[in-house]
Amino acid sequence: MDFILHIIIRASFVLFVVAGYNVVFGKGKILHFGQEAQDIVVAYMIWVLVMRFGFPLGVALLAGVLAAVLSAALFTWLSLRLEPDGFGVMSIAVHLACLSVVLNWQSVTRGALGIPRIPRAPFPSSLGEFALFTSILLVAWLLVLWKLDRGRFGRQLTALAGHEWHAASLGIDRRKVHFLAFLLSGIGVVFAATLFPAYLFLLTPSDYHFSAMIFYVMCTVAGGPGHVWGVAIATFAIVFLREGLRFVSLPPDVLGPMQLILFGLILLIAVWLRRDTIFPKQRMV
Amino acid sequence: MQLLINGLIAGSLAALIAAGLALVYGVLGVFNLALGQIVLVGGYATWWFCQVAGLPLFLGIPAGLVTGGLVAWLTFILFVKPFYKHHRFLPLVTTIALSMILDGLILLLFQERPRSILPGMKETMLLFGGRVSSEQLVLIAFTLVILFGFAYLFHSTAVGRRIRAVVQHDHAAMSLGINAPSLHTLIFVLSGVFAAAGGIFIGIDQNLTPTLAFPITIKAYAAIIAGGKGNFWGAIVCAYLIALLEQVVVGIHWFGVFYIPAGYQQTVALLFIIVFLLLKPTGIFGSVSRSA
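The text that follows walks through the structure, step by step, so that each part is easy to find. (Residues numbered from 1 in each chain as written. Chains lettered and ligands numbered in written order. Predicted model: local features only at pLDDT ≥ 70, side-chain atom pairs only at ≥ 80, totals over all residues. Heavy atoms only, no water.)

## Brief notes about the interface of chain B and chain A
Basically, it comes down to this: In what follows, residue pairs with any heavy atoms lying within 4.5 Å of each other are defined as contacts. Values labelled buried area give the accessible surface lost by two parts on being combined, using a 1.4 Å probe and summing over both. Strands here are runs of E lasting at least two residues and helices are runs of H or I lasting at least four, both read from the DSSP assignment and numbered beginning at the N terminus. In this count, Pro and Cys sit with the nonpolar residues alongside Ala, Val, Leu, Ile, Met, Phe, Trp and Tyr, while Asp, Glu, Lys and Arg are called charged and the others, Gly among them, polar.
Taken residue by residue, the interface counts 45 residues in chain B and 45 residues in chain A. Interface area for chain B against chain A, summed over the two sides, is near 4,100 Å², with a carbon-plus-sulfur share of 83%. Those elements giving two or more residues to the side of chain B that touches chain A turn out to be α3 (57-84), α4 (90-110), α9 (213-227) and α11 (265-279) of chain B. Ranked by the residues each element gives to the side of chain B that touches chain A, the list is headed by α4(B), at 13 residues. Its residues assigned to classes, the side of chain B that touches chain A comprises 32 nonpolar, eight polar and five charged.

As C-alpha cells, then:
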C-alpha cells in the first residue's frame, strides 16, 4: 500500500509540471525544451533561501513565485525573438546553463551533493497525508488548467498555434498569451518545487537533468498534446511503468540503460501515432 | 598564445560537427538532437576497432567513419524521413527519442568508463609559445583539409552545384532533373561522417564518456544559430569563436583579480550566445528574409 501511495505522490509531482508544460508545448505548440531550467531556478530559489539563509518558508515561496514569473518572462522574450526551432535549442541551452551554475556554485548550492535535511511542514508530513494533499492540490490544478483550456485563453493559444499572423490579425496579443502560457508552466513548477524536496528531504541537481525534460515531452505526447486529462492519465501510466521497472531483476548497470531504450521507444511510438496532431500542418487555401 | 591554440583545437572539433549540421539544416530545415550520440558512436566504434578488435589506427578510423555514416543513414531512414514531411519540427522530438536509445545502447556496450583511442601520455612540443601535441596538430590539419576539401566539392563541382541548388529550392531543383531525395540522404550521411570524425577527434585527443553527447549537440547548434541558420561558413566561424570564447573565459586572469572557475566554461559561452541572439536573432551572418 505504501508503495502505491508513493507512486501516486511521485506521479502527482511530475504531473504538476507536465500539466503546465502541456499548456506551452502541447496546446501552444511552442518548441520549449527548457522546462527544467524553470524547475531548477524555482526549486533552488525556495530552498536555498530557507536552508542557507534562514528565510521563513512563506517568504521563500514568494521569491519562488517571483523566480517563476521572471523565468516565464525570459522564455517569452526568447520565444518572441527567435525562430521556433532556434528557440527549442536555445531553451535547452538555458537549461544547461542553469544546471551548470547549480553544479558549480558550491558555496551556495552545495553542487552535486544537493541540499539535504529539507524540512517538512507539520502537514503534510506522513505518506498518507502527502498522498491526500498532493492529490487534492493536483485535481484543483488540473481543473484550473482545464477551465483555462476551455476558455478564452485556450482559444487564443490554439489560434496562435494554428496560425500566428491570422491570430494577430484577429487582435490576439502573442506576447501576452505566450507569457501566460509560460507563467502557468511556472506555477506548476512552484507546486512541485515546494513539495518534492520536502517529500524526499533532499534537493539534488540529479533530478533536473535533461532526461527529466524528455520524460515531460514523452508524457505530453503520449497523452495527446494539449489534452489536460489525456496527459494526466499518460503521466500516471508512465510513472507507474517507470517505478514498476525497479522490480525487474536486472543489475543496475543494465536496468538504467534498458529504461532509457524503453522510454526512447515509447516516445518514438507516441510521436508516430500522433504525428499529425503534435504540430498540425498549416491549412492552405 | 596557449589559449589561442586550445581554442583552435576545440574549435576544429566543433567546426567538424557544426559543418555537417549546417548543411543538413540548410537542405532539410531539420534539427537532429541525436547528433552528440552519433559523435560518440564514431568515437567508440573506432576505439572498439583499435583497442578490442586490434585493427591499426589507419584502418580503425575509416571503420569508425563508416559506422558513423551508417548510424546517420539509419537515423535519416527511421527517425527523420517518415516525419519531416508531416512537419519539419517532428524530427526534433523523434531524434530526442533516438538520443535516449543511443545513450542506452552506448551505456550497455561501452559502460561509463572513459575510453581513449590512443591511451597514454602524449608528447607535447612548443609552438609559438604554446604547448601542443603532434596528435593535436594532425587533427587541426585534418579538420582544415576536410573543410577545404568540402569547400572545393561545394563550390567547384557538379555535385556541389546540385547540393546548392537543393539548398536554395529543392522543388525547383527537382524540376531541373536533380534527384533531391538522394541528395537529402547523402547530406545526412555526410553530416554523420563529419560527426563521427568529431568523435574520433575526441577519442584521440581526450577520453570518450557517454555524458559528452548532449553538450556537444547543444554547442554545435548554438554555432549554427549564432552563425545564421543554414549558413555553412557562418556555422564554422562561430564554432571556432565559441571554442575560443570558452578558452578565454576561464583562461584569463580577469582584471588581475580573479579567474572564472573551469566549471563555468560552457555556461559562459552559452549565455553569451543567448544574449547575443536576443540582440541579433538572425545570427552573425544571417540576413532577415522577407516572408511576405
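## Focus on the side chain of A:K27
Stated precisely, the cut-off is as follows: Buried residues are those whose accessible area, probed at 1.4 Å on protein chains only, stays under 20% of the maximum for their type, while exposed residues exceed 50% and partly exposed ones sit between those limits.
As for its placement among the helices and strands, A:K27 is situated in helix α1 (residues 2-27). Here A:K27 falls in the buried class, since its relative accessible area comes to 19%.

## Description of the nonpolar core
The cut-off we apply is this: In this description, a nonpolar core means a group of buried Ala, Val, Leu, Ile, Met, Phe, Trp, Tyr and Cys residues linked to one another through side-chain atoms lying within 4.5 Å.
A:F25, A:F33, A:V217 and A:L267 are the most contacted members of the largest nonpolar core, which totals 193 residues. Dropping the residues within four chain positions of it, A:F25 is found in contact with A:I30, A:L31, A:H32, A:F33, A:V217, A:T220, A:V221, A:I278, A:F279 and B:V93.

## Focus: empty space enclosed by the protein
Residue and element names in this part refer to chain A. Heads up, the condition is: A 1.4 Å probe that fits into a set of points on a 1 Å grid over the protein atoms alone but cannot get out defines a cavity; an open set with protein on both sides within 12 Å along at least five of seven lines defines a pocket, and lining residues are those with an atom within 4 Å of a point. Grid points are joined across faces, edges and corners, and a volume is the space filled by probe spheres set on the points.
Tallied over the entire structure, the rule returns one cavity of 30 Å³ or more. Residue lining of the largest cavity: 13 residues in total, with N22, V23, L145, D149 and V228 positioned closest to the centre. Those elements that provide at least two residues to the lining of the largest cavity are α1, α6 (127-150) and α7 (152-162). If one sorts the elements of the lining of the largest cavity by residue count, α1 sits on top with four residues. Looking at the lining of the largest cavity residue by residue, the class counts come to eight nonpolar, three polar and two charged.

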